[in-house]
Structure formats: structure tokens, C-alpha cells
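Here's the letter readout for the chains.
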Amino acid sequence: MRRFILRIAALPVCMALFLNAGAHISGNSVTESHTACAISRADNNRMENAAGLPLLENASVETSAMCFWEYNNNTAECCWLFDKDGEQEIVDYINGIKPGDVVKSVDTDKLKGNMYGLEIGSKEGAFIGFIWYGGYIFLDDGRIYKADIDFARIKDYQWQEKNKMPLTLFPNIRCIALKNGKWNTKFLVKSKKNQPHGLEITSVKIKGTKLEVKLKNKKKKENYYSEYFSVQAKLDGVWYDIPVKDDMAFNDIAYIIKAGGKVKKSYDLTPYGKLPSGRYRIVAEGASAEFNL
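Predicted, not measured: the structure shown is a model, and the values here were computed from it. (Residues numbered from 1 in each chain as written. Predicted model: local features only at pLDDT ≥ 70, side-chain atom pairs only at ≥ 80, totals over all residues. Heavy atoms only, no water.)

J.: A description of the sheet that holds strand β19 (residues 262-268) should follow, citing residues and the corresponding values.
T.: Spatially, β12-β13-β19 is the arrangement adopted by the three strands of the open sheet, whose pairing is antiparallel. Single-partner strands in this sheet number two, and they are β12 (199-207) and β19. Strand-to-strand twist across the sheet, computed as the mean angle between neighbouring axes with direction ignored, equals 25°. Bridge analysis of β12 against strand β13 (residues 210-217) gives eight bridges, and the strand direction is antiparallel. Following the sheet pairing, Lys205 is matched in β13 by Glu212. (Pairing = 2+ DSSP bridges. Helix = DSSP H or I, 4+ residues; strand = E, 2+ residues; numbered from the N terminus. Axes fitted to C-alpha atoms, helices over the stretch in contact; angles between N-to-C directions.)

This is the structure:
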């Protein structure tokens, strides 16, 4: 029996920080434990504040660390700020940004420079955040604004615990990776080779938003399976991990399956939102099965 692992991304970041070392956040956060501590910024300069669109409205700096993301067209990284005064300065600055009018569409292939993201827990208990790329703000509801943000100044804060992360976990990356009903592989990650742990998915059927599968234990001894799964897309003959639309939560409890045994299991595709037509596969415990949409 494996350890109980709570995977929840609908919690404020600060709550996620205190999950045990095996905890996973599925969606837009990291996969290891953290210890919060207060750190002061190197200087006492405060960011200007001006009336504008509150991009981080209802941010809860008292109960949540802030997460800073950066993607340099090769590697995605995230790091953390545990200084509440510094967090508040950044929130005030971001909420004071005066974006331009809503932009209907942006050709992201033509954007240059690094991609940045900020996220923090809200007072309602969910993550809030945005992507800034090439002079545009991308929100999770699909809205795009032209805006200038001084991320060089934001990077000057005392960020900690930098980690390399899959690009698919970047906040709001789906709104860039999926445009006009097509996946853009520039903003996706090639899937790693699956390594089944003695399990085989013998069939998969789509019923509404659910995938009904049959799992078979090919081992001559007991095996296990859990709630966790992922979906990958086949694009131009290559499999890619795809980002979820909504954060996913899993109680990672091991269900026992006897030697040579078979079980039926249902997986909910709702967090992936509406997927464009194409070839996909579900991956569970390293086993996989393909299906069409």
C-alpha cells in the first residue's frame, strides 16, 4: 500500500506548501513540500500603484505564498516568495497595471522573449494568476490584453526554491497552447515513454465526459491502481502531454487487484475541458489505451 497522497490544486498556495513530501499538485503548482519563512526584499523601493484592471483581485497574501514562473523557450521554472510585504507590493503593482483594450486574437508563434506567469491563492481558496508573453496578458477565461509589465523588477525580489517544471503546468498555458480548436506543439511537452507496472488497459469507451476502461493485472501476484490518470494527444505522429483546463484533485489511494484480475474503472475528462477532435490516449499507472474524439 502506498502512502496517502492528496493532490489538490484548488487550495491556496500556502496550504499546498505544507503537504507531505510525497504530495502532488495536479494542475498549476509544484510537486514537493516547502517550508514557509519570511524574507525581506534587498531594497526598500516600493512598486508604483495606479488605478487599473485588478489582475490579482482578492489575492490572499496573508495565507498564501506567491509563485513566479518563467519560460525561456526551452525550460520552464517556478520559484516562491514567502515575504508577505513583498507579495503585497507585487499584488499592488499588478493590480495597478492599465492594460489596453481586449485583443481578439494573437499569433503567439510570432511573439518573442521569455514567457512569465504569476499565481497566488485567493481569499476564496482557489489559485488566481495570469501569463504575460510578448507584451500581452493571457487570462484563463481566454481574454487577452496588451500590457507592459516590468518583470525584471519583479524578479528582483527574493524568490526561493527554484524548480524546473513541465510547461504544461504553467498557469493558463492552455489558453496559448490551444487556439482555434488546434493544439500548438510549440507550447506542449513531448510525452515520456510509458512504463506499465504490470497493468494493461484492455478496452476504453467514451460515455459522455467519462472514460470507461478495463484494467488487467498481468502479474502473477497482487498489483495496485489509483485514481490518478493523464491524457495525451497525438499530433503529427508524436504524443504530447496536454494541459488541463481546470485543476484536478486526486486521492491517491492504492486499490488492490489480484493476480491476473480484471477491474472496471471510470475516469472523468471534465478537467480537460472541451478537447478538439483527434487521437488521444489515457495513461494510468503507466498503462495506456488510445481513443478518438
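J.: Explain the packing of aromatic side chains residue by residue, including any values.
T.: One pass over the structure, following the stated rule, counts 14 aromatic pairs. Ring geometry for Phe68 and Phe151: centres 6.2 Å apart, planes at 45°, overall tilted. On the criterion of sequence distance, the pair formed by Phe68 in strand β2 (residues 66-71) and Phe151 in helix α3 (residues 151-154) is long-range, its members being 83 residues apart. The residues Phe68 and Phe151 share a single accessibility class, namely buried. Look at Phe68 and Trp159: their rings are 5.2 Å apart centre to centre, the planes differ by 35°, and that puts the pair in the tilted class. Pair noted here: Phe68 is in strand β2 and Trp159 is in the loop between α3 and β8 (160-165), with a separation of 91 residues, a long-range link. A relative accessible area of 15% means that Trp159 is categorised as buried. Ring pairs connect the aromatic residues Phe68, Tyr116, Trp132, Phe151 and Trp159, which therefore count as one cluster. (Phe/Tyr/Trp six-rings, centres within 6.5 Å; stacked < 30°, edge-to-face > 60°. Buried < 20%, exposed > 50% of the residue type's maximum accessible area, 1.4 Å probe, protein only.)

J.: Residues and numbers for the pairing of strand β4 (residues 115-121), please.
T.: β4 sits mainly inside the fold: seven of its seven residues count as buried. The alternating pattern of β4 places Met115, Gly117, Glu119 and Gly121 on one face and Tyr116, Leu118 and Ile120 on the opposite face, and all of these are buried. Examined bridge by bridge, β2 and β4 share six bridges and lie antiparallel to one another. Bridge pairing in β4 links Tyr71 to Met115. Where β4 meets strand β5 (residues 127-133), seven bridges bridge the pair, whose relative direction is antiparallel. Counterpart to Tyr116 in the pairing with β5 is Trp132. What sits between β4 and β5 in their antiparallel hairpin is a turn of five residues, with Gly125 showing a positive phi close to 100°.

J.: Provide a residue-level description of the confidence of the model for the protein chain, including the pertinent values.
T.: Of the residues in the protein chain, 82% have a pLDDT of 70 or more, and the chain-wide mean is 82. Ranking the elements of the protein chain by mean pLDDT puts strand β1 (residues 5-7) last with 30 and strand β16 (residues 238-241) first with 97. (pLDDT = per-residue confidence, 0-100.)

J.: Give a detailed account of the sheet that holds strand β21 (residues 287-292), specifying residues and quantitative values.
T.: Strands sit in the order β11-β16-β15-β20-β21 across an open sheet of five strands; the sheet is antiparallel. One side of each edge strand has no neighbouring strand; the edge strands of this open sheet are β11 (189-190) and β21. By the bridge criterion, four bridges tie strand β15 (residues 230-235) to β16 in an arrangement that is antiparallel. Residue pairing across strands places Lys234 opposite Trp239, the latter belonging to β16.

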